[in-house]
Protein chains: 2
Amino acid sequence: MLQETITAKEPIISQEAALIAGIRKFNRYYTSQLGLLQQHIFDSEYSLTDVRVLYEVQFNGKTTATGIREALGIDPGYLSRILRKFEKQGLVIKHPLPEDGRSSHLTLTARGEKLMRTMNELSDNQIRQMLENLAPEEQTKTGEAMRQLRYLLKAPGGAPRLEDVEIRHDLRPGDLGNIVRLHGEVYAKEYGYNIEFEQYVMETIGEFMKAYDPAKDRVWLASCFGEIIGMIAIIHRPDRQGQLRWFLLRPDFRGIGLGRALMDKAMEFCRQQQFKEVYLLTTNQQGTAASIYTKHGFMKTASVPETLWGQDLYEERYVRKM
Amino acid sequence: MLQETITAKEPIISQEAALIAGIRKFNRYYTSQLGLLQQHIFDSEYSLTDVRVLYEVQFNGKTTATGIREALGIDPGYLSRILRKFEKQGLVIKHPLPEDGRSSHLTLTARGEKLMRTMNELSDNQIRQMLENLAPEEQTKTGEAMRQLRYLLKAPGGAPRLEDVEIRHDLRPGDLGNIVRLHGEVYAKEYGYNIEFEQYVMETIGEFMKAYDPAKDRVWLASCFGEIIGMIAIIHRPDRQGQLRWFLLRPDFRGIGLGRALMDKAMEFCRQQQFKEVYLLTTNQQGTAASIYTKHGFMKTASVPETLWGQDLYEERYVRKM
DNA sequence: CAATTTAGTTGATTTTGTCAACTATTTTAT
DNA sequence: ATAAAATAGTTGACAAAATCAACTAAATTG
């Protein structure tokens, strides 16, 4: 047994208290920090509630008053008056519903859209001002921390977006470590692999690097706000074969088309290299990965029982003709 | 040359936009999520402003009205009335200042303290409710992300504090990768070492792990907000010798006593292990490290010229008798 | 098809926050 | 030393934001 455990598994009461106290501190700090409590946003004539209503109209396309009321939890009478004000100011239009004579769909007018754009610009400037005191690393860390929080707290739209992900294929300092780390963390979490697995990945990466030839091998790294969150690699093998390796996505970045994007890049590279075929080795435990492989034209050609990293599993081989 | 460069070094505009959009989303989400906008906190008779005032009285010990006014940015007249209400309700006491007949120090009464305790409990429950849908590790990640945000935004560019650093000596998934990464990034930045160095570190860590014996070897990792930012290790060697390895701090965490803290832990472990002596290998390039070694009783015993990682340098050996 | 529910409106009112004028001190400038 | 200016806080008048309850009109239910 390689691993040495020190810390307790059970959450300790005082730790929970510390966590909660920390969150409370954060809440208090963050509310004051961003001036979220100001009544009048950016010295405009609109209150925070006004802006929230406009935002709902803009993004919850074709909402009714009730939709907004439910989303924001405000008094119907109050909302009614706010909407009438907006209508009078030419920011919002009510489109009576043919199927329900009581309700109307709400949309922004061009003027309303313009107002919201201005608001967003002002908000962006405020954020930019906040960011400009930070070093570039700190900026990306801030972004990643917020993104992660939104994700953790299950915010709507908190899931990462493909547009925020950057894919590159050079190797920079820290990348090797990040590759190892990503594997260690993801496989430990998903399959309970112990640290021997991480060690194993380290060895395979080491071997790969010794023979690495930028013209024939390629590693793609996907990063979001500076953090490596996925990867794929192609290695040249004898007889115009290629091997696909280290295809991995952090769980919270799955299901957004990133796996496909990486696989596409890899396959395109294989075509450029004029490989006859590409193979990969995996285990039967990686169920979801398998379906991605078959979707991209790979076929299972072998399955051998093995005991690895404290697990009984089948080592599988997939091949795709190019 | 192993490295292949593709992407520009300059931060890309669209990524900044994504970052800002992400932050705006976070702001919007977080304000609504936590009900920070509700007027009446926890169905009490107190408004958000009321509670903020009480909080200031409680924690900015012995504030005056002006102190609160400056902290919260509210109208003096409004505050005056709020305070009078609190006085009448027996929550706050005004202690006229002998040195200034215009002002008074404000303190909470026992009743005021009790009210704040209740408020805090309600707030804790709300947070607990938010947390209970999360897995334990998600909870800790949430706490860490918030702590980091508070830290990043509060003290932009400020030096990290030793209190925020946690030192542990178990090995968790991702740690091996983090160790490699830390070395790769720091040495690239400070001495321009190329990725071969990171590869070399990977190999040495791999070798170490093969022979790793928790009873005789130890790796300490220093982390701040969940990120590994420093480390040190002791490996057992024949003849009751110990070798000190991988002593490294991220540059921005130097000069806060962390190096000393790590070294102390390492030396204490060496005493426990009853080593006769401890040695370490370094190069003449690591000038600042050398001074730390001598400060902790190490003496240079050898210096051999070498060419490593694209650099001409002297490999040096330091020894300390225990 | 009467009774009930739902969507939204309106009037009355309260709560919350703002502005300006004011008093009583303390500090500053001459 | 003393007049002028600044500071700390109060008060009155008022405006804005939000709530509550009673209401209308349309849709749904039994």
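What you see is a predicted model; the values in this text were computed from it and never measured. The numbering scheme is per chain: residues are counted from 1 as the chain's sequence reads. Chain letters start at A and ligand numbers start at 1, both assigned in the order the entries are written. Thresholds applied to this predicted model are a pLDDT of at least 70 for local features of residues and 80 or more for the giving and counting of side-chain atom pairs; totals over whole chains, interfaces and linings are not thresholded and use all residues. Excluded from the side-chain calculations are hydrogens and water; all other atoms, namely the structure's heavy atoms, are used.

Asker: Looking at this structure, I do not really get the overall build of chain A. What am I missing?
Answerer: Going along the chain from the N terminus, every DSSP run of H or I of four or more residues is numbered as a helix, and every run of E of two or more is numbered as a strand. If you tally the helices and strands in chain A, you get 10 helices and 9 strands. At 26 Å, chain A has a C-alpha radius of gyration far larger than the 20 Å of a compact globule built from 322 residues. In terms of overall dimensions, chain A has a C-alpha envelope of 75 × 50 × 40 Å along the principal axes. Taken across its 322 residues, chain A has 49% of its residues classed as buried. The contact criterion used throughout is that any non-hydrogen atoms of two residues lie within 4.5 Å. Restricting the contact set of chain A to residue pairs at least 6 apart, pairs at least 24 apart contribute 60%. All radius of gyration figures rest on C-alpha atoms, and the globule criterion is 2.2 Å times the number of residues raised to 0.38. In this scheme, a residue with accessible area under 20% of its type's maximum is buried, one over 50% is exposed, and one in between is partly exposed, where area comes from a 1.4 Å probe on protein chains only.

Asker: I tried to follow the interface of chain B and chain A on my own but got confused; where do I start?
Answerer: How big an interface is tends to be reported as the loss of accessible area on association of its parts. Every contact between the two is made by 83 residues of chain B and, on the other side, 83 residues of chain A. Once two parts are put together, the accessible area they lose, assessed with a 1.4 Å probe and summed over both, is termed the buried area. In this assembly, chain B packs against chain A so that about 8,400 Å² is buried in total across both faces, 65% of it on carbon and sulfur atoms. Each salt bridge in this description consists of a side-chain nitrogen of Lys or Arg and a carboxyl oxygen of Asp or Glu lying within 4 Å of one another. For the pair chain B and chain A, the number of links is 7 salt bridges. Where glutamate 16 of chain A meets arginine 128 of chain B, a salt bridge forms, and the shortest distance between an N and an O atom there is 3.3 Å. N or O atoms closer than or at 3.5 Å make up a polar contact, with two conditions inside protein: a donor-capable atom paired with an acceptor-capable one, and, for residues adjacent in sequence, both atoms drawn from side chains. On inspection of chain B and its partner chain A, the count reaches 16 residue pairs in polar contact (both at pLDDT 80 or more). Mapped by element, the contributors of at least two residues to the side of chain B that touches chain A are α1 (13-33), α2 (48-59), α5 (110-131), α6 (136-154), α7 (175-191) and α8 (195-211) of chain B. Here the side of chain B that touches chain A gets 16 residues from one element, more than from any other, and that element is α1 of chain B.

Asker: I tried to follow the domain arrangement of chain A on my own but got confused; where do I start?
Answerer: Taken domain by domain, chain A holds domain 1 (12-133) and domain 2 (166-321). As annotated, the domain borders come from an automatic or database domain assignment. On a C-alpha basis, the centroid separation for the pair domain 1 of chain A and domain 2 of chain A is 44 Å.

Asker: Please explain the protein's contact with DNA strand C as it appears in this structure.
Answerer: It suffices for a single heavy atom of a residue to lie within 4 Å of a molecule or strand for the residue to be listed as near it. Lining the immediate surroundings of DNA strand C are 23 residues, of which Thr66, Arg81, Arg84 and Arg102 of chain A together with Tyr78 of chain B lie closest. Among all atoms of DNA strand C positioned within 4 Å of the protein, those belonging to sugar or phosphate total 65%. A distance of 2.7 Å separates a phosphate oxygen of DNA strand C from a polar atom in the side chain of lysine 94 of chain A. A distance of 2.3 Å separates a base oxygen of DNA strand C from a polar atom in the side chain of arginine 102 of chain A.

Asker: Would you take a moment to explain the pattern of salt bridges for this structure?
Answerer: If the charged atoms of two oppositely charged side chains come close together, the side chains can form a pair. Residue and element names in this part refer to chain A. The full count for this structure, using the stated rule, is 43 salt bridges over all chains. In this structure, arginine 250 engages glutamate 227 in a salt bridge whose closest nitrogen and oxygen atoms are separated by 3.3 Å. Residue arginine 250 is found in the loop between β6 (241-249) and α9 (258-272), and its partner glutamate 227 is found in strand β5 (residues 227-237); the two are separated by 23 residues along the sequence. A salt bridge links glutamate 277 to lysine 321, with the nearest nitrogen and oxygen atoms 2.6 Å apart. Here lysine 321 lies in strand β9 (residues 311-321) and glutamate 277 lies in strand β7 (residues 277-283), a separation of 44 residues in the sequence.

Asker: Whenever I open this one, helix α5 (residues 110-132) of chain A confuses me. Can you help?
Answerer: In an α-helix there are 3.6 residues to a turn, and that puts residues three or four apart on one side. In this scheme, a helix's expected span is set at 1.5 Å multiplied by one less than its residue total. The terminal C-alpha atoms of α5 of chain A, which comprises 23 residues, lie 32 Å apart, in line with the 33 Å expected from a rise of 1.5 Å per residue. For α5 of chain A, the set of buried residues is Gly112, Leu115, Met116, Met119, Asn120, Ser123, Asp124, Ile127, Met130 and Leu131 of chain A.

Asker: So what exactly am I meant to see when it comes to α7 of chain B here?
Answerer: Residue and element names in this part refer to chain B. Taking 1.5 Å of rise per residue, the 17 residues of α7 would be expected to cover 24 Å, and the 23 Å separating its terminal C-alpha atoms lies within 8% of that figure. Of all 17 residues making up α7, 13 are buried, and the element is well covered by its neighbours. Following α7 by one or two positions, glycine 192 has its phi on the positive side, about 70 degrees.

Asker: Explain the pairing of strand β1 (residues 92-97) of chain B to me, please; I cannot follow it from the model alone.
Answerer: Note on strand geometry: in a regular strand, side chains alternate between the two faces of the sheet. Residues and elements named next belong to chain B. Strand pairing is defined by DSSP finding a minimum of two bridges between the two strands. For β1 and strand β2 (residues 100-108), the ladder comprises 6 bridges, and the chain directions are antiparallel. Bridging across to β2, valine 92 finds its partner in leucine 108. Once β1 ends, the chain turns through 2 residues before running back antiparallel as β2.

Asker: Which parts of the structure should I look at to understand the packing of aromatic side chains?
Answerer: In this description, an aromatic ring pair is defined by two values, namely the gap between the centres and the angle between the planes. Note on aromatic contacts: the rings of Phe and Tyr and the six-membered ring of Trp form a pair at centre separations within 6.5 Å, being stacked when their planes are under 30 degrees apart, edge-to-face when over 60 apart, and tilted otherwise. Under the criterion given, the structure shown has 33 aromatic pairs over all chains. Geometrically, the ring pair formed by phenylalanine 208 of chain A and tyrosine 212 of chain A is tilted, given 5.3 Å between the ring centres and 50 degrees between the ring planes. We classify phenylalanine 208 of chain A as buried; its relative accessible area is 6%. Judged by its relative accessible area of 7%, tyrosine 212 of chain A is buried. The interplanar angle of 50 degrees and the centroid separation of 5.7 Å between the aromatic rings of tyrosine 293 of chain B and tyrosine 318 of chain B together place this pair among those described as tilted. One end of the pair, tyrosine 293 of chain B, is in helix α10 (residues 287-295); the other, tyrosine 318 of chain B, is in strand β9 (residues 311-321), with 25 residues separating them in the sequence. Classification of tyrosine 293 of chain B by relative accessible area gives buried; the value is 5%. Taking the ring centre of tyrosine 55 of chain B as reference, the NZ or CZ of arginine 28 of chain A above it sits at 3.3 Å. Throughout this description, the term charge over a ring refers to an Arg CZ or Lys NZ atom that lies within 6 Å of the ring centre and within 35 degrees of the ring normal. Lying over the aromatic face of tyrosine 279 of chain A, arginine 317 of chain A brings its terminal NZ or CZ to 4.3 Å of the ring centre.

Asker: Looking at this structure, how should I read the protein's contact with DNA strand D?
Answerer: The environment of DNA strand D is made up of 23 residues, and the closest members are Tyr78 of chain A together with Thr66, Arg81, Arg84 and Arg102 of chain B. The sugar-phosphate portion of DNA strand D accounts for 66% of its atoms within 4 Å of the protein, the bases making up the rest. In the environment of DNA strand D, a base oxygen lies 3.4 Å from a nitrogen or oxygen atom belonging to the side chain of arginine 81 of chain A. Under this grouping Gly is polar, as are all residues other than the nonpolar Ala, Val, Leu, Ile, Met, Phe, Trp, Tyr, Cys and Pro and the charged Asp, Glu, Lys and Arg. Residue composition of the surface near DNA strand D, grouped by class: 3 nonpolar, 11 polar and 9 charged.

Asker: Explain the environment of threonine 118 of chain A to me, please; I cannot follow it from the model alone.
Answerer: Residues and elements named next belong to chain A. Positionally, threonine 118 belongs in helix α5. Owing to a relative accessible area of 38%, threonine 118 belongs among the partly exposed residues under this scheme. Note: C-alpha distance between threonine 118 and arginine 218 (100 residues apart in sequence) is 44 Å.

Asker: Explain the packing of helix α2 (residues 48-59) of chain A against helix α4 (residues 76-88) of chain A to me, please; I cannot follow it from the model alone.
Answerer: Working note: a packed helix pair is described by the angle between its axes plus the distance between those axes. Residues and elements named next belong to chain A. Only C-alpha atoms enter the line fits that serve as axes; for helices the fit covers just the stretch in contact. Angles between N-to-C directions range over 0 to 180 degrees. At a minimum axis distance of 11 Å, the contact between α2 and α4 shows a crossing angle of 75 degrees. Here α2 lies roughly perpendicular to α4, going by the angle between them. Facing Thr49, Asp50, Val53 and Leu54 of α2, the residues of α4 in contact are Tyr78, Leu79, Ile82, Leu83, Lys85 and Phe86. Looking at the contact of α2 with α4, its residues break down into 7 nonpolar, 1 polar and 2 charged. Throughout, the term roughly parallel applies to angles under 35 degrees, roughly antiparallel to angles over 145, roughly perpendicular to angles from 65 to 115, and oblique to all others.

Asker: Which parts of the structure should I look at to understand the nonpolar core?
Answerer: One recurring pattern in soluble globular proteins: nonpolar side chains tend to sit buried together. Residues and elements named next belong to chain A. Side-chain atoms within 4.5 Å link the members of a nonpolar core, which is a set of buried Ala, Val, Leu, Ile, Met, Phe, Trp, Tyr and Cys residues. Ranked by size, the top nonpolar core spans 57 residues in total, and within it Ile234, Leu244, Tyr293 and Phe298 carry the most contacts. Each of domain 1 (12-133) and domain 2 (166-321) gives at least three residues to this core. In contact with leucine 244, other than residues within four places in its own chain, are Ile232, Ala233, Ile234, Met263, Met267, Val278, Tyr279, Leu280, Tyr293 and Phe298. Counting residues in hydrophobic clusters, the runner-up holds 50 residues, among them Ile195, Phe208, Ala233 and Leu313.

Asker: Hey, could you run me through the confidence of the model for chain A in this one?
Answerer: Where the model shows low pLDDT, its predicted coordinates should not be examined in detail. Residue and element names in this part refer to chain A. Think of pLDDT as the predictor's per-residue confidence, scored from 0 to 100. Averaged over every residue, the pLDDT of chain A is 86; residues scoring 70 or more account for 91%. For chain A, per-element mean pLDDT is lowest for helix α1 (residues 13-33), which scores 78, and highest for α4, which scores 96. This model gives residues 1-12 a pLDDT under 50, and the stretch forms 20 contacts once residues within four places in sequence are excluded.

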